[in-house]
Amino acid sequence: VSVGVDELHNKNYKFKIYPNPADEEFQLSLNGTRLPNSSFSLTVFDITVSTFKEISFNQYCIIINTSDIENGMYYIAVYNNNNLVAVQKLILAK
């Protein structure tokens, strides 16, 4: 059984990234039930699973600066308390 990027998700949380394609920054908006002591993190990686950025956060909406990442297609993985929430594609076009 193969699992595609769109099939990976946690039913308690979903997130949106915009704009997509992005240039120097993008906004991540997380939807779901806010639980006490929840911590979130995200990882930006490419098709070879090379990690370009890792960020911890506790807000439901954050802005991520991408000026230090080259143009191309990337994946954004969001975790809640180290459990995968979802993965989405991001295109950087500066």
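Up top is the structure.
Residues numbered from 1 in each chain as written. Predicted model: local features only at pLDDT ≥ 70, side-chain atom pairs only at ≥ 80, totals over all residues. Heavy atoms only, no water.

(A) Region of interest: the overall build of the protein chain. A tally of helices and strands in the protein chain yields zero helices and seven strands. Walking the protein chain from its N terminus toward its C terminus, one meets helices and strands in the order β-β-β-β-β-β-β. Taking all 94 residues of the protein chain together, 37% fall into the buried category. Within the protein chain, contacts between residues at least 6 apart in sequence are counted, and of these 55% link residues at least 24 apart. (Helix = DSSP H or I, 4+ residues; strand = E, 2+ residues; numbered from the N terminus. Buried < 20%, exposed > 50% of the residue type's maximum accessible area, 1.4 Å probe, protein only. Contact = heavy atoms within 4.5 Å.)

(B) Up close: the sheet that holds strand β5 (residues 61–65). Taking strand neighbours across the sheet as the criterion, the three strands line up as β1-β2-β5 in an open arrangement whose pairing is antiparallel. Edge strands, defined here as strands with exactly one partner in the open sheet, are β1 (13–18) and β5. On average, adjacent strands in this sheet sit at an angle of 25 degrees to one another, irrespective of strand direction. (Pairing = 2+ DSSP bridges. Axes fitted to C-alpha atoms, helices over the stretch in contact; angles between N-to-C directions.)

(C) Region of the structure containing the environment of Ser-38. Looking at the secondary structure, you find Ser-38 in the loop between β2 (25–32) and β3 (40–45). According to the relative accessible area criterion, Ser-38 is buried, its value standing at 15%. With 44 residues separating them in the primary sequence, Ser-38 and Asn-82 have C-alpha atoms 9.9 Å apart.

(D) The packing of aromatic side chains, seen in detail. Applying the stated rule across the entire model yields four aromatic pairs. Taking 5.2 Å as the distance between ring centres and 80 degrees as the angle between the ring planes, the aromatic pair formed by Phe-52 and Tyr-74 counts as edge-to-face. Placement of the pair is Phe-52 in strand β4 (residues 51–57) and Tyr-74 in strand β6 (residues 72–80), with a sequence separation of 22 residues. Feature note: the residues Phe-40, Phe-57 and Tyr-60 constitute an aromatic cluster, connected by ring pairs. (Phe/Tyr/Trp six-rings, centres within 6.5 Å; stacked < 30°, edge-to-face > 60°.)

(E) Summary view of the pairing of β1. Of the two faces of β1, the one lined by Tyr-13, Phe-15 and Ile-17 is fully buried and the one lined by Lys-14, Lys-16 and Tyr-18 carries no buried residue. The pairing of β1 with β2 spans six bridges and is antiparallel. By the bridge assignment, Lys-16 is partnered in β2 with Ser-29. Connecting β1 to the antiparallel partner β2 that follows it, the hairpin turn spans six residues.

(F) Seen up close, the sheet that holds strand β7 (residues 83–92). With antiparallel pairing, the four strands of this open sheet are ordered in space as β4-β3-β6-β7. Each edge of the open sheet is held by one strand with a lone partner, namely β4 and β7. On average, each strand axis in the sheet is inclined to that of its neighbour by 15 degrees, with strand direction left out of account. Two strands pair when backbone bridges link them, and β3 and β4 are joined in this way by six bridges, in the antiparallel orientation. Considered in β4, the bridge of Ser-41 is made with Ser-56.

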